[in-house]
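# Commentary on secondary and tertiary structure
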Amino acid sequence: MMSEDQASNRMWGGRFASGPDAVMEAINASIGFDKKLYAQDIRGSLAHAAMLAKTGIISADDEKNIAHGLNTILSEIETGSFTFSTRLEDIHMNVEARLAELIGPAAGRLHTARSRNDQVALDFRLWVKEELQRVDAALGRLLEAFVARAEEHAASVMPGFTHLQSAQPVTFGHHLMAYVEMFGRDRSRVRDAIERLDESPIGAAALAGTGFPVDRHMTAKALGFREPTRNSIDTVSDRDFALEFLSLSAICAVHLSRLAEEIVIWSTPQFGFVRLSDSFSTGSSIMPQKKNPDAAELIRAKTGRINGDLIALLTVMKGLPLAYSKDMQEDKEAVFDAAETLDLMLAAMTGMIGDLVVNKDAMKRAAGAGFSTATDLADWLVREAGLPFREAHHATGRAVALAEERKCGLEKLPLEDLQAINPSITDGVYSVLSVANSVRSRTSYGGTAPSEVRRQIRAWKKRLKRDASPAKNR
């Protein structure tokens with residue numbers, strides 16, 4: 001007959017050594033992932049201890065001993081000699097327990113006028129802020145790579161697409177600058193997010209603040225925040241900064257994925273617009289001729305992970321009453337995963353763009369396919385012949401049908417055939433039917449004319465130089 005403990009173990013599963021207590025420990029502990037916050041936790045505790053001493057809440061000797069102990073723990077963690085315990089649940093209790101071993105009763109005074117609720121809000125906010133600054137720098141490097149390649153190809157003609165069908169000729173530089181605009185918006189979202197989260201939570205305590213005479217402005221300044229938060233209930237229940245990080249990461253990942261998709265298409269033999277370097281390609285185990293764009297494909301796939309991380313945390317937060325609930329322990333893994341994934345995606349894309357080999361001849365040949373200068377013919381009929389656009393559109397459609405029947409480009413149609421469609425057409429029309437002339441004519445602000453592309457490149461160079469300083473408190 002099995003014992004009660006044996007029955008309990010079987011009910012709870014073979015993974016757990018001692019029944020319900022082991023299950024509770026496993027589900028409750030977060031040290032497996034929140035130990036990533038060790039530097040922020042110790043930094044926050046050092047600032048808190050200094051404030052407690054300055055305001056007379058603890059003695060100067062206690063603050064000195066606490067600081068020495070915390071710095072010792074920091075060194076132990078960074079050298080790998082610190083032992084993390086799941087029984088101590090989280091990074092906060094692991095650090096506090098070790099501090100007590102090192103300095104004795106003074107360690108217990110560190111937690112005066114704070115709670116694990118405002119402590120974790122502080123640690124996590126500091127970590128997210130630092131990660132946003134890393135993303136800002138990574139986006140800066142990606143933008144610089146794009147601008148450099150766009151300048152190189154400001155006049156390199158390629159087909160522009162809608163519905164993945166040839167639409168109008170553009171330049172490759174103009175196409176690349178479209179991604180500069182996208183990633184520029186991503187960078188502005190990063191900096192906006194830093195501005196919004198730049199408030200210190202410490203001192204909100206569990207949810208109601210504290211009766212001790214703390215100086216929250218002192219700790220905010222010491223930790224590099226603009227100011228303290230203004231409502232203690234909101235402070236410990238807010239995870240908007242984490243949601244916003246995941247949201248901007250998802251948007252940026254979508255931009256990276258769209259670009260990755262284009263690189264995959266462009267690198268096929270059927271297009272042949274670009275060739276990836278060996279650094280960002282792999283071969284086939286069976287087909288020796290293959291060169292697979294695996295880095296681009298993985299960027300495309302990893303976007304799904306980041307989108308999933310955002311949905312996961314949105315779902316955790318959607319039904320939580322104020323203030324703190326243990327559900328919020330599930331906030332970190334999604335953010336850590338998205339951050340690591342986005343960092344890798346940005347680095348890989350920056351490398352791919354930097355050493356992409358562009359086949360200008362293949363792009364130029366494709367630019368003239370599909371009657372891509374048809375719009376130029378319609379515009380010429382409006383501008384030079386005075387036709388209403390709808391009539392010009394109809395006449396151009398007839399010209400396209402004729403060229404399709406003759407299996408030639410619009411520029412190869414004889415003048416008499418064009419005049420049979422509309423007698424107002426003159427030989428001046430041929431000046432707009434070539435791909436090069438079509439591209440040069442698009443001089444509207446933000447257009448694809450090489451002169452306009454170079455104007456936008458100059459503007460972005462100035463902007464990147466202005467934004468070269470890291471994102472910080474403003």
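Residues numbered from 1 in each chain as written. Predicted model: local features only at pLDDT ≥ 70, side-chain atom pairs only at ≥ 80, totals over all residues. Heavy atoms only, no water.

With that settled, consider helix 12 (residues 240-266). A rise of 1.5 Å per residue sets the reference length of helix 12, with its 27 residues, at 39 Å; its end C-alpha atoms lie 39 Å apart and thus fit the reference within 8%. A large share of helix 12 lies buried, amounting to 20 of its 27 residues. (Helix = DSSP H or I, 4+ residues; strand = E, 2+ residues; numbered from the N terminus. Expected span 1.5 Å × (residues − 1). Buried < 20%, exposed > 50% of the residue type's maximum accessible area, 1.4 Å probe, protein only.)

Moving on, we come to the side chain of R149. The topology assignment puts R149 in helix 8 (residues 116-152). Residue classification places R149 among the buried residues on the basis of a relative accessible area of 10%. Within the local environment of R149, its side chain forms a polar contact with the backbone oxygen of I353, the two atoms lying 2.9 Å apart. Apart from residues lying up to four places away in sequence, R149 is in contact with L176, I353, G354, D355, L356 and V358. (Polar contact = N/O pair within 3.5 Å; in protein donor to acceptor, adjacent residues only side chain to side chain. Contact = heavy atoms within 4.5 Å.)

Across the interface, helix 12 lies against helix 14 (residues 332-354) with an axial gap of 10 Å and an inter-helix angle of 30 degrees. For the element pair helix 12 / helix 14, the angle class is roughly parallel. Between helix 12 and helix 14 lies a crossing of left-handed hand. Each of A242, F245, L246, S249, C252, A253, L256, L259, A260 and I263 in helix 12 lies in contact with helix 14, whose residues at this interface are A334, V335, A338, A339, L342, M345, L346, M349 and I353. Classifying every residue of the contact of helix 12 with helix 14 by side-chain character gives 18 nonpolar, one polar and no charged. (Axes fitted to C-alpha atoms, helices over the stretch in contact; angles between N-to-C directions. Parallel < 35°, antiparallel > 145°, perpendicular 65-115°, else oblique. Left-handed = near helix turned anticlockwise from the far one by under 90°. Nonpolar A, V, L, I, M, F, W, Y, C, P; charged D, E, K, R; others polar.)

What follows covers the environment of T55. The residue T55 is located in the loop between helix 4 (38-54) and helix 5 (60-79) in this model. Under the relative-accessibility criterion, T55 is labelled partly exposed at 26%. In this structure the side chain of T55 is engaged in a polar contact, spanning 2.8 Å, whose partner is the backbone oxygen of M51. Among the polar contacts made by the side chain of T55, one reaches the main-chain carbonyl oxygen of L52 at a distance of 3.2 Å.

For residues besides glycine, phi is generally negative; the peptide bonds are generally trans as well. Between L322 and the following residue, A323, the backbone shows a cis peptide bond with an omega angle of 10 degrees. Of note in this structure, H163 is not a glycine but carries a positive phi near 60 degrees. By the element assignment, H163 lies in the loop between strand 1 (157-162) and strand 2 (165-171). When its relative accessible area of 76% is taken as the criterion, H163 is described as exposed.

Once that is clear, we can look at the packing of aromatic side chains. Applying the stated criterion to the full structure yields 10 aromatic pairs. Considering the side-chain rings of W127 and F336, the 4.8 Å spacing of their centres and the 65 degrees angle between planes classify their relative orientation as edge-to-face. Taken together, the residues span a long stretch of sequence, with W127 in helix 8 and F336 in helix 14 at a distance of 209 residues. For the pair F146 and F183, a centre-to-centre distance of 5.7 Å together with 35 degrees between the ring planes defines the contact as tilted. With F146 in helix 8 and F183 in helix 9 (residues 172-197), this residue pair connects regions lying 37 residues apart in the sequence. Residue classification places F183 among the buried residues on the basis of a relative accessible area of 0%. An aromatic cluster is defined as three or more aromatic residues linked by ring pairs; in this entry it consists of F124, W127, F241 and F336. (Phe/Tyr/Trp six-rings, centres within 6.5 Å; stacked < 30°, edge-to-face > 60°.)

The next thing to look at is the nonpolar core. Inside soluble globular proteins, nonpolar side chains tend to come together where they are buried. Counting residues in each nonpolar core, the largest one holds 75 residues, and the members touching the most others are F183, L256 and M349. Those elements giving two or more residues to this core turn out to be helix 8, helix 9, helix 12, helix 13 (294-317), helix 14, helix 15 (360-367) and helix 21 (450-466). Ranked by the residues each element gives to this core, the list is headed by helix 12, at 15 residues. For M349, the contacting residues outside a window of four places in its chain are L142, L256, L259, A260, I263 and I299. (Core = buried A, V, L, I, M, F, W, Y, C linked by side-chain atoms within 4.5 Å.)

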